[in-house]
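The chain contents come next:
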Amino acid sequence: MSVYRVGIVGLGLGKQRAGGYLRNPDARIVAACDTDADRLRAFVAEHDDVRPYADYEEMLDAEDLDVVNVSTPDWMHLDHATMALRRGRHVLLEKPMVRSLGEVDALIRAVEESGRTLMVGQNYRRIPMSVLAKRLLAEDALGDLFYAASETFQHKRRQFARSPWYASAEHPRAALLGTGIHAVDLLRWLIGEVEEASAYGNHIAYPEFPGDDFTMVQYRFANGVIGRVGVGYGTVLPRGEGGMTLQLYGSKGSLSNERYYIGEPGAGEWVHEEAPPMKNAFWQEVDYFIECLDAGDTPAVDVREGARNVAACLAGVEAAATGRPVTPKRY
Ligand SMILES: NC(=O)c1ccc[n+]([C@@H]2O[C@H](COP(=O)([O-])OP(=O)(O)OC[C@H]3O[C@@H](n4cnc5c(N)ncnc54)[C@H](O)[C@@H]3O)[C@@H](O)[C@H]2O)c1
């Protein structure tokens, strides 16, 4: 087992990812890059064996890296991932993988030409309600699913004021792609392929956001299940509320977030299992990525799985914009 030399670009969420590499005995962060001098200085002040770079290309050229962790804004993902792949580096890339079908095709080409591994961070597969849902479905405990729903109601003004690229008209980022992709990925992982999307959106609660700040999409899955994903960016709720939810309804039972009910309709109570203490989902993903590299395995969310997520989200965005059902491009 080798120790993977890691370079991180983007020290917002990238700092979270760093926690995973720092705790993994098979990885060592040797370099970090950010154009924000304060963030870069603060990071290397805490990790004095990490070499700082203000220029990404300079880091890639100067360092003999095995892995590049790309945690920069979405609109840089294609370039930053491709630059690393072309130099023979494996890449862990944040969601949303990229922003358009053209970018999806370009990234697939870059990964396939490089022969390297690219994994997309879809950390919501690892939280307790997702793990519980996956287990119940694998055990056929809920019977045949007929409906699934996931909603995320956030208030994003403060975060987007700190990181203005999130709400910039120059690099538009639909709420359904930026945030809804977690729910879309979760439903696809639990249910299967999306066949068609129909959707509505509006632009009422957060008018400064460039585009719909609320979108509700219905998906028809290939196996007949209907799914619904909702995302709101201007929601007013108490602290700690509005995080991603999950409801599953099947012929033998139902799941609501971390509770499930199986049995006679109307007879009993929800079961709420105590989830075991969970390691930070971002760190779990880093561990899994390193395991895949070591074993030569393809990560579950590789570039094609990432492509299917982006295509399903973009189908929803197009359906909301046109008022017509849209079939996602197949990957
Ligand atoms: N999986 C999740 O739950 C999750 C959560 C948050 C963010 N994300 C994703 O992570 C990515 C980053 O989001 P964030 O919230 O950390 O944003 P952020 O704005 O807080 O951080 C991005 C960092 O990249 C740096 N940067 C910008 N251009 C650069 C360049 N050319 N070279 C080097 N550094 C550069 C910025 O200075 C900034 O420090 C986004 O794609 C976002 O969607 C995922």
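Residues numbered from 1 in each chain as written. Predicted model: local features only at pLDDT ≥ 70, side-chain atom pairs only at ≥ 80, totals over all residues. Heavy atoms only, no water.

A. Summary view of the packing of aromatic side chains. Applying the stated criterion to the full structure yields 11 aromatic pairs. Ring centres 5.8 Å apart and planes at 15° place the aromatic pair Tyr 147 and Tyr 249 in the stacked group. Residue Tyr 147 is located in strand E7 (residues 145–153), and its partner Tyr 249 is located in strand E11 (residues 247–250); the two are separated by 102 residues in the primary sequence. On the basis of relative accessible area, Tyr 147 is assigned to the partly exposed category, the value being 21%. Given a relative accessible area of 29%, Tyr 249 falls into the partly exposed group. (Phe/Tyr/Trp six-rings, centres within 6.5 Å; stacked < 30°, edge-to-face > 60°. Helix = DSSP H or I, 4+ residues; strand = E, 2+ residues; numbered from the N terminus. Buried < 20%, exposed > 50% of the residue type's maximum accessible area, 1.4 Å probe, protein only.)

B. Up close: the sheet that holds E7. Taking strand neighbours across the sheet as the criterion, the 8 strands line up as E8-E9-E10-E7-E11-E12-E13-E14 in an open arrangement whose pairing is mixed. Because the sheet does not close on itself, it has two edges, and the strands there are strand E8 (194–202) and strand E14 (271–272). Where E7 and E11 come together, 4 bridges link them in antiparallel fashion. Bridged to Ala 148 within E11 is Leu 248. Strands in contact with helix H6 (residues 128–138) are E7, E11, strand E12 (253–256) and strand E13 (259–262); relative to E13, the strand with the most contacts, it is inclined by about 20°. Sheet contacts for helix H9 (residues 180–191): E7, E8, strand E9 (214–221), strand E10 (226–232) and E11; angle to E10, the most-contacted strand, approximately 165°. (Pairing = 2+ DSSP bridges. Contact = heavy atoms within 4.5 Å. Axes fitted to C-alpha atoms, helices over the stretch in contact; angles between N-to-C directions.)

C. Molecular detail of the sheet that holds strand E3 (residues 51–53). Taken together, the 6 strands give an open sheet; going across it, the order is E3-E2-E1-E4-E5-E6, and neighbouring strands pair in parallel fashion. The sheet is open, and its two edges are formed by E3 and strand E6 (118–121), each paired on a single side. With strand direction ignored, the average angle separating the axes of adjacent strands in the sheet is 25°. As paired elements, strand E2 (residues 27–33) and E3 share 3 bridges and run parallel to each other. Its bridge partner lying in E3, Ala 32 is registered against Pro 52.

D. Fine view of the pattern of salt bridges. Under the definition given, this model contains 26 salt bridges. Between Glu 112 and Arg 304 there is a salt bridge; the shortest N-O distance is 3.0 Å. With a gap of 192 residues between them, Glu 112 in helix H5 (residues 101–114) and Arg 304 in helix H11 (residues 303–322) connect regions that are remote in the sequence. Arg 304 sits in the partly exposed class, given a relative accessible area of 31%. Among the salt bridges present, the one from Glu 305 reaches Arg 188, with a minimum N-O distance of 3.1 Å. (Salt bridge = Lys/Arg side-chain N within 4 Å of Asp/Glu carboxyl O.)

E. Broad picture of the domain arrangement of the chain. Its domain assignment divides the chain into domain 1 (4–122) and domain 2 (124–280 + 310–322). Distance from the C-alpha centre of domain 1 to the C-alpha centre of domain 2: 27 Å. Of the roughly 1,300 Å² buried between domain 1 and domain 2, counting both surfaces, carbon and sulfur atoms make up 60%. Linking domain 1 with domain 2 are 1 salt bridge. A salt bridge links Arg 173 to Asp 74, with the shortest nitrogen-to-oxygen separation between them at 2.5 Å. For the pair domain 1 and domain 2, the interface holds 5 residue pairs in polar contact (both at pLDDT 80 or more). Residue composition of the side of domain 1 that touches domain 2, by class: 7 nonpolar, 3 polar and 3 charged. (Domains from an automatic or database assignment. Buried area = accessible area lost by both parts, 1.4 Å probe. Polar contact = N/O pair within 3.5 Å; in protein donor to acceptor, adjacent residues only side chain to side chain. Nonpolar A, V, L, I, M, F, W, Y, C, P; charged D, E, K, R; others polar.)

F. Region of interest: the packing of helix H4 (residues 77–86) against H5. Remark: H4 packs on H5, axes separated minimally by 9 Å, with the N-to-C direction vectors making an angle of 10°. The angle between the axes of H4 and H5 places the two elements in the roughly parallel class. Counting all contacts with H4, which are made through Leu 78, Ala 81, Thr 82 and Leu 85, the residues of H5 involved are Glu 103, Ala 106, Leu 107, Ala 110, Val 111 and Ser 114. Grouping the amino acids of the contact of H4 with H5 by side-chain chemistry returns 7 nonpolar, 2 polar and 1 charged. (Parallel < 35°, antiparallel > 145°, perpendicular 65-115°, else oblique.)

G. Local environment of the pairing of E9. Bridge count for E8 against E9 is 8 bridges, and the pairing is antiparallel. Looking across to E9, one finds that Val 194 is bridged to Phe 221. Adjacent in sequence and paired antiparallel, E9 and E10 are bridged by 4 residues, among which Gly 224 carries a positive phi angle near 95°.

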